[in-house]
Amino acid sequence: QTLDYTSAQARKARVQWPTQAAAMRSSHKLKDITWFVPYFNHPYGGVHTILRFGSLLQKLHGVKSRFVIYDAPHASERELEARVATLFPTPPGTFHVLKTFEAMAELPNTDLAIGTLWTSIYFINRFTRAGAKAYFVQDFEPLFYPAGSFYALAEQTYRLGLYGIFNTQGLHDYVAANYPMSGVAFEPAVDRSVFHAQRPEKQRPVRIFFYARPSTH
């Protein structure tokens, strides 16, 4: 049901979503954001970046964030808040767990809805209470899969006219050059109080940490 998407709906999105995003950018008014975020056991890299955006938008501009977990009805708001609190003593926003697909109709109005994973784009397509919609892109997600249905469904989300917020200029340039999508890019920040070259020399063999994984899930 979630991934059902007709050509007529795609054509409508290509017209409607860029118009809404342009109107929001010209108004310079943004009070609250509803982020559609996949379930997480730990606020790892990509999720951490989303939460940092929410935290900084709240701190610097007073923008309130609501993080909607759309793919795990078994989850609870309390457990998510507890996990995030280990990294953010001041909550970056509130959490809401969708128990059913139809429960989206019960979410409050929002200035901006942001999808953060390709599956979330099919949810925000059916979310009717947002003044504008955008796409927080952190990977070229079709390549999470071999050629096939999931590859095509992920790729289709770049053809729907959403304004993109891209993690790195390179990702922005690739998507904008190959798909009808525009947006803005940011470069990931480094906490220089942790990562720096000022550690004292040690008289022992150098240790190297190598991280790899067989899949993105």
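Refer to the structure printed above.
Residues numbered from 1 in each chain as written. Predicted model: local features only at pLDDT ≥ 70, side-chain atom pairs only at ≥ 80, totals over all residues. Heavy atoms only, no water.

Q: Account for the nonpolar core, naming residues and giving values.
A: Considering soluble globular proteins, one finds that nonpolar side chains tend to be buried as a cluster. Residues Phe36, Leu98, Met104, Tyr135, Tyr158 and Val175 are the most contacted members of the largest nonpolar core, which totals 33 residues. Listing elements by their share of this core, those giving two or more residues are helix H1 (7-27), helix H4 (118-124), strand E5 (130-137) and helix H6 (169-178). Counting residues per element, this core draws most heavily on H4, which supplies five residues. Look past the residues within four positions of Tyr158 in its chain and what remains in contact with it is Tyr135, Val137, Asp139, Phe140, Glu141, Pro142, Val175, Tyr179, Pro180 and Met181. (Core = buried A, V, L, I, M, F, W, Y, C linked by side-chain atoms within 4.5 Å. Buried < 20%, exposed > 50% of the residue type's maximum accessible area, 1.4 Å probe, protein only. Helix = DSSP H or I, 4+ residues; strand = E, 2+ residues; numbered from the N terminus. Contact = heavy atoms within 4.5 Å.)

Q: Could you give an account of the pairing of E5, with specific residues and numbers?
A: Counting buried positions along E5 gives seven out of eight residues, so the element sits mostly inside the fold. Taken together, the five bridges between strand E4 (residues 110-115) and E5 define a ladder with parallel strand orientation. In the strand pairing of E5, Gly115 is matched with Tyr135. With H4 bridging E4 and its parallel neighbour E5, the resulting β-α-β unit is right-handed. The sheet contact formed by E5 and strand E6 (residues 163-167) spans four bridges and is parallel. (Pairing = 2+ DSSP bridges. Right-handed = clockwise from strand over helix to strand, strands pointing away.)

Q: Lay out the side chain of Ser55 with the relevant residues and their values.
A: Structurally, Ser55 can be placed in helix H2 (residues 45-61). Ignoring anything within four residues of it in the chain, the contact list for Ser55 reads Phe88 and Pro92.

Q: Pulling in residues and values, what's your account of the sheet that holds E4?
A: Ordered in space as E3-E2-E1-E4-E5-E6-E7, the seven strands form an open sheet in which the pairing is parallel. Each edge of the sheet is formed by a strand with only one pairing partner; in this case those strands are strand E3 (94-97) and strand E7 (183-186). Each neighbouring strand pair of the sheet contributes to a mean axis angle of 25°, computed without reference to strand direction. Pairing analysis gives four bridges linking strand E1 (residues 32-37) to E4, with the strands arranged parallel. (Axes fitted to C-alpha atoms, helices over the stretch in contact; angles between N-to-C directions.)

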